[in-house]
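Coordinate analysis (summary)
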Amino acid sequence: MNETNTTQEIKQDLISLFRQNTGLLETGSGHILNMYREQAFHDFDRLGIPTTRNEAYKYTPLEKYLNGNYDVELNANPFKVDLRAIFKCDIPDLDTHVVLVLNGFYHSANHPGDFPKGVIICGLNEASSRYPEIFHEHYSRYADTSADGLVALNTLFAQDGVFIYIPRNTAIEKPIQIINLSHSDKNLRLTRRNLIVAEENAKVDIVLCDHTLSNHGYLANSLTEIFAGKNAVV
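Small disclaimer: the values here were computed from a predicted structure and weren't measured.

1. Quick look at the environment of N215
On the secondary structure map, N215 appears in the loop between strand 8 (206-212) and strand 9 (218-228). The class of N215 is exposed, set by a relative accessible area of 78%. For the pair N215 and A232, spaced 17 residues apart in the sequence, the C-alpha separation amounts to 40 Å.

Right under this line is the structure:
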């Protein structure tokens, strides 16, 4: 670990933010999400913010972006407006199943009846409670908190996102489009976490998009874990 004074200050600010809001994070999240926070805390405390001395971030001066004035929302935004009415994807001729995420929290998706039997598309936090066996088998298994400070930071603050499960021998014909919407009356720090599980011989196409609905600054730590079983295509 090679920290600069700036990245050390950013790390300490984030550690303080976590300590001040641990109760809120744990209350709003399922048991499986919470059980990984302690290890993520120790890993982030050890690793800190990656600098350009880290080969993976050699051309990415993170402190330039992280050292800003951002607020944080640790509760789902009770947005009263129909997001589908005010937002239209502007990619022409794109026919997809749409999943909306607002400020890192799952918002809505196509009705489950639009998908083959056994397919699960829901919020990450909901999945941790409703489908604990599948979720626990895969969550935080492929993103190593001990090897990357940003992965540890994401796991530390992760509350929600998108969970997609495609059972074996099942193909989703249309792509699933996850649209990350950002909306606030202030600059906002966001944590986004997705888990995609495609069992043996499953097939799914995923499109990830980001759009802002207000003229403010957004800093997003986004992490997607993907499991593809034997002969699966993601």
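More follows now that the structure is in view.
2. With respect to unusual backbone geometry
Despite not being glycine, N169 shows a phi value in the positive range, around 65 degrees. Turning to its location among the elements, N169 is positioned in the loop between strand 5 (161-166) and strand 6 (176-182). Positive phi is not limited to glycine here, since N201 has a value of about 65 degrees. Note on placement: N201 falls in the loop between strand 7 (188-198) and strand 8.

3. Structural notes on helix 1 (residues 5-27)
Spanning 23 residues, helix 1 covers 33 Å between terminal C-alpha atoms, matching the ideal 33 Å at 1.5 Å per step. Of all the bends in helix 1, the largest measures some 65 degrees and sits at N21. When helix 1 is considered as a whole, its buried residues turn out to be T7, I10, K11, L14, I15, L17, F18, N21 and L25. Where helix 1 is buried, its residues touch helix 2 (31-35), helix 3 (37-47), helix 4 (62-66), strand 1 (71-72), helix 8 (149-157) and strand 7.

4. Details of helix 8
Within helix 8, 9 of the 9 residues are buried, which leaves the element mostly enclosed by the surrounding structure. The complete set of buried residues in helix 8 reads G149, L150, V151, A152, L153, N154, T155, L156 and F157. Where helix 8 starts, the residue carrying a side-chain oxygen 2.8 Å from the main-chain nitrogen of L150 turns out to be D148.

5. Overview of the pattern of salt bridges
Overall, the coordinates contain 8 salt bridges when judged by the stated rule. Linking D43 and R46 is a salt bridge whose minimum nitrogen-to-oxygen distance equals 3.4 Å. With D43 and R46 both in helix 3, this residue pair falls 3 residues apart, about one helical turn. The salt bridge involving R193 is made with E225; its shortest N-O contact spans 3.2 Å. Here the residue R193 occupies a position in strand 7, and E225 occupies one in strand 9, the gap between them amounting to 32 residues. Given the relative accessible area of 2%, E225 is considered buried.

Rules used in this analysis
Residues numbered from 1 in each chain as written. Predicted model: local features only at pLDDT ≥ 70, side-chain atom pairs only at ≥ 80, totals over all residues. Heavy atoms only, no water. Helix = DSSP H or I, 4+ residues; strand = E, 2+ residues; numbered from the N terminus. Buried < 20%, exposed > 50% of the residue type's maximum accessible area, 1.4 Å probe, protein only. Expected span 1.5 Å × (residues − 1). Bend = angle between axes of the 7 residues up to and from the residue. Contact = heavy atoms within 4.5 Å. Polar contact = N/O pair within 3.5 Å; in protein donor to acceptor, adjacent residues only side chain to side chain. Salt bridge = Lys/Arg side-chain N within 4 Å of Asp/Glu carboxyl O.

Don't take any of this as a statement about function, it's just geometry.
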